[in-house]
Amino acid sequence: MTESRLEREELRGLARGLLALLHLLPKNAMSRAMGWLASRRLPRPLQRLELELFVRLAGVEVRELARPLEDFDSLQSFFTRELASGARPLSGGEEVLVSPCDGAWGSSGRVEQGTILQVKGRPYRVADLLGSERLASAFDGGEFATLYLSPRDYHRFHTPAAGRISRLVYRPGSLWPVNPIGLLGIDALFARNERIAAWLEVAGPVDGRPGGEIAMVAVGATMVGSVRLAFDALCTNRPSAVAVERELGAMGPKFARGEEWGHFEFGSTIVLLIPPGLFRLEPK
C-alpha cells in the first residue's frame, strides 16, 4: 500500500471513529450548552481578549464590523453581528437573485424526481427536508443551491428577492456536524438536522413569467445554539420541541430584496429551493 493510500485509509478510519462517537454524544444538549456559554458576559479585559483571539483564529474581516470590537459584550453577540453599511452592496435588478448569506457555494443543480444532492453521489429527498410530500412537489424540476457558513462568516441571512413570507415550517431533529465528516458519513443530513424553512412569495421576473414561492431552509448543526428569525419568535434547539407548520398568507411580513430575515447563533447552512421556471441559480 502506498503512503498516500495509507494516509487516506487512516483518515477514513478517523472519520468513522468520530462519527461513532457523535452517535453516542447528546448533540442537541451540547449545542444548547455551547450557546449558553457563548452568551456569557466576561469581565471587559477578558471579553476583549476572547474576541481578539477568535478574530485572529477565524480570520474575521474587522473592517466590515458595524461597530468596534470592544462594543460586543459576548462571543454570541459578535457571532450575530451586523455588517457596516455598504459592506454587501446588491448588484443587478429585481430579476437577479442575491446570495442569502455569506457562505461557500456547495452542491447545486436541478431537483430531479424529488431529490437533490447533499454531496456528489449522496442524494436526499426534498420531501424529507421539508417534512411534506405536498410542499416538496412544487419544486420538482426546479433548482436548488446549498451554502455553508464558516466560523469567520457573517451569520445573518437575507432574502434572495423581494417578497412576502407566506409560510413557516419548523422540523425538530438532531444536530449533526455540517462538515466533510458529516456530509460524507450521514445520509440525508440536512433532512435530519433541526431546521426552519420559510416560503418567500415573489413576483415573476421582468420578462412576464408568473411569480411563485422560493423555499429558504436554515439548517442547524452541532454547536449551533439556535436558529432565530427576525420577525417571529420561532426558534430551534429547544427541549421537547415539536414540529410547526404555519400558513401566514396575506398576513405574512414583506421583505425587500436582500433584507435580513434571521440569523444563526454560530453557523450552519442555507438550502434554497426554486420552483421550475421562476429564477436561474448560477454558482459564484
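Visitor: Just to check I follow, could you spell out the overall build of the protein for this structure?
Guide: When you go through the protein residue by residue, the secondary structure sums to eight helices and 13 strands. Principal-axis analysis of the C-alpha atoms gives the protein an extent of 55 × 55 × 40 Å. Taken across its 284 residues, the protein has 46% of its residues classed as buried. Accessible area for the protein stands at about 14100 Å²; split by element, carbon and sulfur atoms hold 56% of it. Between the mean site of the 35 positive side-chain charges and the mean site of the 33 negative ones, the protein shows a separation of 3 Å.

Visitor: Please explain the pattern of salt bridges as it appears in this structure.
Guide: A side chain of one charge can pair with a side chain of the opposite charge if their charged atoms are brought near each other. By the definition in use, this model includes 18 salt bridges. For R134, the salt bridge is made with E245, and the minimal N-O distance between the two is 3.2 Å. On the criterion of sequence distance, the pair formed by R134 in helix α6 (residues 133-137) and E245 in strand β10 (residues 244-247) is long-range, its members being 111 residues apart. Its relative accessible area of 52% is what places R134 among the exposed residues. Residue E247 pairs with R167 through a salt bridge whose shortest N-O separation is 2.8 Å. Placement of E247 in strand β10 and of R167 in strand β6 (residues 163-171) is noted, with a sequence separation of 80 residues between them. Each of R48, E52 and E70 takes part in one network of salt bridges that share partners.

Visitor: What's the story with the nonpolar core in this structure? I'm lost.
Guide: For soluble globular proteins, the rule of thumb is that nonpolar side chains tend to be buried together. Core analysis: the biggest nonpolar cluster contains 45 residues, and F78, F157, I165, I214, M216, W261 and F264 have the highest contact counts within it. Leaving out residues up to four positions away in the same chain, I214 has contacts with L97, P160, A198, W199, L200, V202, L272, L273, I274, P275, L278 and F279. L22, Y124, V169 and V219 belong to the second largest nonpolar core, which has 30 residues in total.

Visitor: Is there a simple way to think about the sheet that holds strand β9 (residues 226-229) in this case?
Guide: Neighbouring strands of a sheet are bound in pairs by backbone hydrogen bonds; such pairs are parallel or else antiparallel. Reading across the sheet, the three strands line up as β5-β12-β9 and stay open at both edges, with antiparallel pairing between neighbours. Unpaired on one side and paired on the other, β5 (156-158) and β9 mark the two borders of the sheet. On average, each strand axis in the sheet is tilted by 25° relative to the strand beside it, whichever way the strands run. Bridging between β9 and strand β12 (residues 260-265) involves four bridges; their strand directions are antiparallel. Each residue of the ladder has a partner; that of L229, found in β12, is G262.

Visitor: Would you mind showing me how to read the environment of A218 here?
Guide: Within the secondary structure, A218 is located in strand β8 (residues 212-219). For the pair A218 and E247, spaced 29 residues apart in the sequence, the C-alpha separation amounts to 18 Å. Discounting residues that sit within four places of it in the chain, A218 has contacts with F157, E194, R195, I196, V227, W261, F264, T269 and I270.

Visitor: Explanation requested: helix α3 (residues 44-58) in the structure shown.
Guide: Helix length check: α3 (15 residues) gives 21 Å between terminal C-alpha atoms against 21 Å at 1.5 Å per residue, within 8%. Residues Q47, L51, F54, V55 and A58 constitute the buried set of α3. On an axial view of α3, the arc spanned by its buried residues comes to 100°, and they lie on one face. Across α3 from its buried face, at more than 90 degrees, point the exposed residues P45, L49, R56 and L57. Looking at the packing, one finds that the buried side of α3 touches α4 (75-79).

Visitor: Teacher, can you tell me more about a nonpolar patch on the surface here?
Guide: A contiguous nonpolar surface patch, about 220 Å² in accessible area, is contributed by L18, L21 and L25. If you trace the backbone, L25 turns up in the loop between α1 (3-24) and α2 (27-38).

Visitor: For this particular structure, what's the right way to read the pairing of strand β4 (residues 143-148)?
Guide: Every other side chain in a regular strand lies on the same face of the sheet, so the side chains alternate between the two faces. Taken across its six residues, β4 has six buried, putting it largely inside the fold. Of the two faces of β4, the one carrying E143, A145 and L147 and the one carrying F144, T146 and Y148 are both buried. Pairing analysis gives five bridges linking strand β1 (residues 104-110) to β4, with the strands arranged antiparallel. Bridge pairing in β4 places A104 opposite Y148.

Visitor: Could you clarify how one ought to interpret the state of the cysteines in this entry?
Guide: The term disulfide refers to a covalent linkage connecting the sulfur atoms of a pair of cysteines. Considering all chains together, one arrives at zero disulfides under this definition. Here C101 stays unpaired: no disulfide links it, and the sulfur of C235, its closest cysteine neighbor, is 18 Å away. Assessed through its relative accessible area of 5%, C101 is described here as buried.

Visitor: Looking at this structure, I do not really get the packing of aromatic side chains. What am I missing?
Guide: Each aromatic ring pair is characterised by the separation of its centres together with the angle its planes make. In total, this model carries eight aromatic pairs according to the counting rule given. Taken together, a centroid distance of 4.7 Å and an interplanar angle of 65° make the contact between F157 and W261 edge-to-face. Highlighted residues: F157 in strand β5 and W261 in strand β12, separated in sequence by 104 residues. In this structure, F157 and W261 share a single accessibility class: buried. Measuring from ring centre to ring centre gives 5.5 Å for F231 and F255, while their planes differ by 70°; the resulting arrangement is edge-to-face. Taken as a pair, F231 in the loop between β9 and β10 and F255 in strand β11 (residues 254-255) lie far apart in primary sequence, 24 residues in all. An aromatic cluster of at least three residues, connected via ring pairs, comprises F54, F72, F78 and F79.

Cut-offs applied
Residues numbered from 1 in each chain as written. Predicted model: local features only at pLDDT ≥ 70, side-chain atom pairs only at ≥ 80, totals over all residues. Heavy atoms only, no water. Helix = DSSP H or I, 4+ residues; strand = E, 2+ residues; numbered from the N terminus. Buried < 20%, exposed > 50% of the residue type's maximum accessible area, 1.4 Å probe, protein only. Areas by Shrake-Rupley, 256 points an atom, 1.4 Å probe, with all protein chains shown as cover. Lys, Arg positive; Asp, Glu negative; His and termini not counted. Charge placed at Lys NZ, Arg CZ, Asp CG, Glu CD. Salt bridge = Lys/Arg side-chain N within 4 Å of Asp/Glu carboxyl O. Core = buried A, V, L, I, M, F, W, Y, C linked by side-chain atoms within 4.5 Å. Contact = heavy atoms within 4.5 Å. Pairing = 2+ DSSP bridges. Axes fitted to C-alpha atoms, helices over the stretch in contact; angles between N-to-C directions. Expected span 1.5 Å × (residues − 1). Arc of directions from axis to C-beta. Patch = residues over 30% accessible without salt bridge, like charges linked within 9 Å, V, L, I, M, F, W, Y side chains within 5 Å. Disulfide = S-S within 2.5 Å. Phe/Tyr/Trp six-rings, centres within 6.5 Å; stacked < 30°, edge-to-face > 60°.

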